[in-house]
Amino acid sequence: MKHSSTIHTADGSTVTITPRGVEYDLHVRAADGRTVATVEMSAADLLALMDEAAEYLPW
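Please read all numbers here as calculations on a predicted model, not as lab measurements.

Engineer: Describe the nonpolar core, naming the residues involved and giving the relevant values.
Structural biologist: The biggest cluster of nonpolar side chains holds five residues, and these are Ile17, Tyr24, Leu26, Met41 and Leu46. The contact partners of Met41, leaving out residues within four places of it in the chain, are Glu23, Tyr24, Leu26, Leu46 and Leu49.

Take a look at the structure:
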């Protein structure tokens, strides 16, 4: 991933994934635009999160 990507949820919240060097920032916003969390993670952790989420979601 070389650019930011935003995931929109059913309730209007968003999760934006932004590469930052060898790490990634995940910025979680509520439907009203409030920042709920900002998380820094490595590429390996991001891939593990995506793999685990895929087990529960019908993507």
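That shown, we press on.
Engineer: Can you break down the environment of Val22 residue by residue, with the values?
Structural biologist: Structurally, Val22 is set in the loop between β2 (14-20) and β3 (23-29). Counting along the chain gives 33 residues from Val22 to Glu55, while the straight-line C-alpha distance between them is 26 Å. For Val22, the contacting residues outside a window of four places in its chain are Ser42 and Ala43.

Engineer: Break down the pairing of β3 for me, with residues and values.
Structural biologist: Of the strand pairs in this sheet, β2 and β3 are connected by seven bridges, and their pairing is antiparallel. What sits directly across from Val15, in β3, is Val28. Hairpin connection, β2 to β3: the antiparallel pair is bridged by two residues, and Gly21 has positive phi, about 70°. Looking at chain direction, β3 and strand β4 (residues 35-42) are connected through seven bridges and run antiparallel. Considered in β4, the bridge of Tyr24 is made with Met41. Turn length for the β3-β4 hairpin, with the two strands adjacent in sequence and antiparallel, is five residues, and the turn residue Gly33 shows positive phi of about 95°.

Engineer: Could you give me a rundown of the pairing of strand β1 (residues 5-8), with the residues and numbers involved?
Structural biologist: Relative to β2, β1 runs antiparallel, the two being bridged by four bridges. Across the sheet, residue Ile7 finds its bridge partner in β2, namely Val15. Hairpin remark: β1 followed by β2, antiparallel, with five residues in the connecting loop; positive phi at Gly12, about 95°.

Engineer: Can you lay out the sheet that holds β2 for me, pointing to particular residues and giving the numbers?
Structural biologist: What the four strands build is an open sheet, ordered β1-β2-β3-β4; its pairing is antiparallel. One side of each edge strand has no neighbouring strand; the edge strands of this open sheet are β1 and β4. Shown here is a sheet whose adjacent strand axes are inclined to one another by a mean of 15°, direction ignored. Packed on one face of the sheet, helix α1 (residues 43-56) meets β2, β3 and β4 and runs near 115° to β4.

Conventions and cut-offs
- Residues numbered from 1 in each chain as written.
- Predicted model: local features only at pLDDT ≥ 70, side-chain atom pairs only at ≥ 80, totals over all residues.
- Heavy atoms only, no water.
- Core = buried A, V, L, I, M, F, W, Y, C linked by side-chain atoms within 4.5 Å.
- Buried < 20%, exposed > 50% of the residue type's maximum accessible area, 1.4 Å probe, protein only.
- Contact = heavy atoms within 4.5 Å.
- Helix = DSSP H or I, 4+ residues; strand = E, 2+ residues; numbered from the N terminus.
- Pairing = 2+ DSSP bridges.
- Axes fitted to C-alpha atoms, helices over the stretch in contact; angles between N-to-C directions.

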